[in-house]
Amino acid sequence: MGNDNVKPQVFLDYQNEYARYKKLYTRITSCSVDVLVGRPTPYGNGPIGIREIDVLVGRPTSYGNGLTDAQTTRVDNTLGGSVDPTRVGKIPPHVLQPIFIHARVPRQFNVSPALSHTHTLNNHSEMEYNYIISCFLLVIQFLVLVTKIESKVPAIVVFGDSSVDAGNNNFIPTIARSNFKPYGRDFAGGRATGRFSNGRIATDFISQAMGLKPTIPAYLDPAYNISAFAIGVTFASAATGYDNATADVLSVIPLWKQLEYYKEYQKRLKAYMGESKASRTISEALYMTSIGTNDFLENYYTMPGRSRQYTPGEYENFLVGIAKNFVKELYGLGARKISLGGIPPMGCMPLERTTNMAGSYDCVEKYNKVALEFNNKLKNMIVELNKELPGIKLVFSDPYFVLQSIIKRPSLYGFQVTGAGCCATGMYEMGYACARTSMFTCTDANKYVFWDAFHPTEKTNHIIAAYMVKHVLAEFNA
C-alpha cells in the first residue's frame, strides 16, 4: 500500500492528446469537473475503477505513480484507464511532464483532513493552481454520495471470440489473426498483440475497473505464466462460436476446447497457489463470455450447412442449449460468478451495412432482430439456471443497447463515423485485409465507433466496458 506520510494528490489526466488536455484544463478552471477519490493499489499502478474523470484525489502509491481503490461521484462517458503518471503517453512537445497538484482533502473521503496544501509542476503559475483547488473545493461541497470500488474478485476468466481474444489465435494455424499493424497501434508500446482493435478490448477495461490488471493475457501466449494468469486469463479465440461448425470455418479454437484449456489452467493454478487458495480463487473469480455473433454471420448466414438444418429461431434455440450446457459444466468445475454475454446489433457492423445497398447502406434489421431474439432467449435461460444451480450468481451482460445507442447518437459519445471502420476503407476489411490496405487507415480512431469492418475501436470498447461494470458487474464487487 501507499505511504501514508506522502501527501494526497490531485492528478489531471490528459493522456490522449493536447486538445483533450486543453479542454480538460478549461473545464477545471471553470469549475465544471468530475471527481474521483481513492487510495493506491498494492501494485502501485494507478486508480481502480476509472470512469470519465477530470480530477482524482487520493493517496499516492509507494511507487509514486498514481492512485487506486477509486471512488467516483458521477459516471458519464469513459476516457481513462490507469492514470500512471510515469506512463502517460502522447505528451505535447512543450509540456515537460504530467501535471500534478498535491493537496489535502476532507476526512470523509478517506484521504486526509483538509484540502489546503498545493504543489505545482510544469510551467503554470501557483495562482492558476490555487484557482483550480478553489474550484475543487466547490465541487467537494456538493458531493453527497461516494461509492467505494474495492476489488472483491481475485481473477477474471474469459471465454469467447474475437471480441475478447487477446492473442490466442497467434499461436494456432489460422488466418483469423490480428498480430500485425495497424492493429494495436494505440496499445501500450504500439504493439499488435492479437486483439482485434487499435488498443485494448472490453475485458481489459473491466479487469482494471474491478481492481485488477489493466490487461488480461491470452492463455496460449508463452510470454505469460501462471502468476499472471492467476489474476486474469482469456481462452477466447477469434472467429469461434458456440457451434463447433463455426470454429471449423477458419480452424480456430472451439468452445469445448477453451473449456479443456480451463481445466488445465485449474491444475496449474493449484500447483502454483496450493489447493486451498486456488479453490477460493476458482469460486470467487469472475467468469465472462462474449460469443455468438460468428455463429450467425460467419456460419448460419454464410455457410450452407446449418441454414438447411434449422430455421433462424431453431438455430437460436440450438445455440442457447449449448450455452446452457457450458454454464452448467463451468459451474461443475467450481465457477459461481458468471457473466454471460449477449450479442451486439450485428446488422449495424460496417461489413453488413456495406452489402445493404437496397437499404441505403443502413443497418440490416433482419440481423438485429435475430440478435434481440437470441439475447432474450439467453436471458430466460439465465433466469432458469439461477433457480436451478445453488449458489450461482449468473448475470447477463447485454452489449446490444449500449452499442446501438452509440451508433444512433454518435455525437453524444464524441464519435463522428459509424458506418465504416477506421482501418483501411472501413467497409469490408478486417484481419490481413486491413494490413494490405492500411494506407487508407484513419489517423484518429477516437472518431470512429468501429476499428475495422467488424470490431469496435478501443474507445467504444471502453464505453461498453464501463456500462457493464456500472449496470451489471458492480454486484460482484459489492
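Anything mentioned here points back to the structure above.
In this text the structure is predicted, and so the values were computed from the model without any measurement.

Rules used throughout
- Residues numbered from 1 in each chain as written.
- Predicted model: local features only at pLDDT ≥ 70, side-chain atom pairs only at ≥ 80, totals over all residues.
- Heavy atoms only, no water.
- Pairing = 2+ DSSP bridges.
- Helix = DSSP H or I, 4+ residues; strand = E, 2+ residues; numbered from the N terminus.
- Axes fitted to C-alpha atoms, helices over the stretch in contact; angles between N-to-C directions.
- Contact = heavy atoms within 4.5 Å.
- Salt bridge = Lys/Arg side-chain N within 4 Å of Asp/Glu carboxyl O.
- Buried < 20%, exposed > 50% of the residue type's maximum accessible area, 1.4 Å probe, protein only.
- Phe/Tyr/Trp six-rings, centres within 6.5 Å; stacked < 30°, edge-to-face > 60°.
- Lys NZ or Arg CZ within 6 Å of the ring centre and 35° of its normal.
- Disulfide = S-S within 2.5 Å.
- Polar contact = N/O pair within 3.5 Å; in protein donor to acceptor, adjacent residues only side chain to side chain.

Visitor: Explanation requested: the sheet that holds strand 11 (residues 393-397) in the structure shown.
Guide: If you trace the five strands from one edge of the open sheet to the other, you get 8-7-9-10-11, paired in parallel fashion. Because the sheet does not close on itself, it has two edges, and the strands there are strand 8 (232-234) and strand 11. Between one strand axis and the next, the sheet turns through 15° on average, direction left out of account. Summarising the sheet, strand 10 (residues 337-341) and strand 11 pair through five bridges and their orientation is parallel. In the strand pairing of strand 11, Ser339 is matched with Val395. Lying over the sheet, helix 6 (residues 255-273) contacts strand 7 (156-160), strand 8 and strand 9 (286-290), oriented at roughly 155° with respect to strand 7.

Visitor: Quick question: what am I supposed to make of the pattern of salt bridges here?
Guide: Oppositely charged side chains can form a pair if their charged atoms are brought close together. Applying the stated criterion across every chain yields a total of eleven salt bridges. Measuring nitrogen to oxygen at the nearest pair gives 3.3 Å for the salt bridge that ties Lys263 to Glu329. Of the two residues, Lys263 sits in helix 6 while Glu329 sits in helix 10 (residues 312-332), which places them 66 residues apart along the sequence. Overall, the relative accessible area of 25% leaves Lys263 in the partly exposed class. Among the residues examined, Glu329 registers a relative accessible area of 37% and is labelled partly exposed. Because the salt bridges share partners, they merge into one network encompassing Glu260, Lys263 and Glu329.

Visitor: I keep staring at the packing of aromatic side chains and nothing clicks. Help me out?
Guide: The geometry of an aromatic ring pair is captured by the separation of the ring centres together with the interplanar angle, meaning the angle of the planes. With the rule as written, the count across this model stands at 25 aromatic pairs. Here Tyr219 and Phe229 contribute two aromatic rings whose centre-to-centre distance is 5.4 Å and whose plane-to-plane angle is 45°, an arrangement assigned as tilted. Of this pair, Tyr219 sits in the loop between helix 3 (202-209) and helix 4 (226-229) while Phe229 sits in helix 4, and the two are ten residues apart along the sequence. When its relative accessible area of 5% is taken as the criterion, Tyr219 is described as buried. Exposure remark for Phe229: the relative accessible area of 1% places this residue in the buried category. Aromatic pair Tyr310 and Phe318: ring centres 5.2 Å apart, planes at 25°, arrangement stacked. Accessibility expressed as a relative area gives 25% for Phe318, which makes it partly exposed. Put simply, the rings of Phe159, Tyr219, Phe229, Phe235, Tyr261, Tyr262, Tyr265, Tyr287 and Phe326 touch in pairs and so form one group of aromatic residues. The ring of Tyr331 carries the charged tip of Arg336 above its face, separated from the ring centre by 3.8 Å. Here the guanidinium or amino end of Lys459 rests over the ring plane of Phe415, the centre of that ring lying 4.5 Å away.

Visitor: How should unusual backbone geometry be read in this particular structure?
Guide: Omega for the bond connecting Lys181 with Pro182 falls within 30 degrees of zero, at 10°, which places this linkage in the cis form. Relative to the assigned elements, Pro182 resides in the loop between strand 7 and helix 3. The backbone phi angle of Ala239 is positive, close to 80°, even though this residue is not glycine. When you line up the elements, Ala239 lands in the loop between strand 8 and helix 5 (244-249). Note on Ala239: relative accessible area 8%, which makes it buried. You will see that Ser360, though not glycine, has its phi angle at about 55°, which is positive. Position of Ser360 relative to the elements: it lies in the loop between helix 11 (350-354) and helix 12 (365-388).

Visitor: It is not clear to me how the state of the cysteines should be interpreted in this structure. Could you clarify?
Guide: Overall, the coordinates contain three disulfides when judged by the stated rule. For Cys422, the disulfide goes to Cys442, at an S-S distance of 1.9 Å. What sets the handedness of the Cys422 and Cys442 disulfide is the S-S torsion sign, and at about -95° it is left-handed. With Cys422 in the loop between strand 12 (417-421) and helix 14 (432-436) and Cys442 in the loop between helix 14 and strand 13 (448-450), this pair connects stretches of sequence that are 20 residues apart. Judged by relative accessible area, Cys422 falls into the buried class, the value being 1%. On the accessibility criterion, Cys442 (9% relative accessible area) is buried. A sulfur-sulfur distance of 2.2 Å marks the disulfide that ties Cys423 to Cys434. In this pair, Cys423 sits in the loop between strand 12 and helix 14 while Cys434 sits in helix 14, placing the two residues eleven residues apart along the sequence.

Visitor: Is there a simple way to think about the environment of Ser178 in this case?
Guide: Along the polypeptide, Ser178 turns up in the loop between strand 7 and helix 3. You can call Ser178 buried: its relative accessible area is 1%. As for Ser178 and Arg195, which are separated by 17 residues in sequence, their C-alpha atoms are 6.3 Å apart. Not counting residues up to four positions away in its chain, the partners in contact with Ser178 are Tyr183, Ala192, Gly194, Arg195 and Phe196. Looking at Ser178, its side chain comes within polar contact range of the main-chain oxygen of Arg195, at 3.2 Å.

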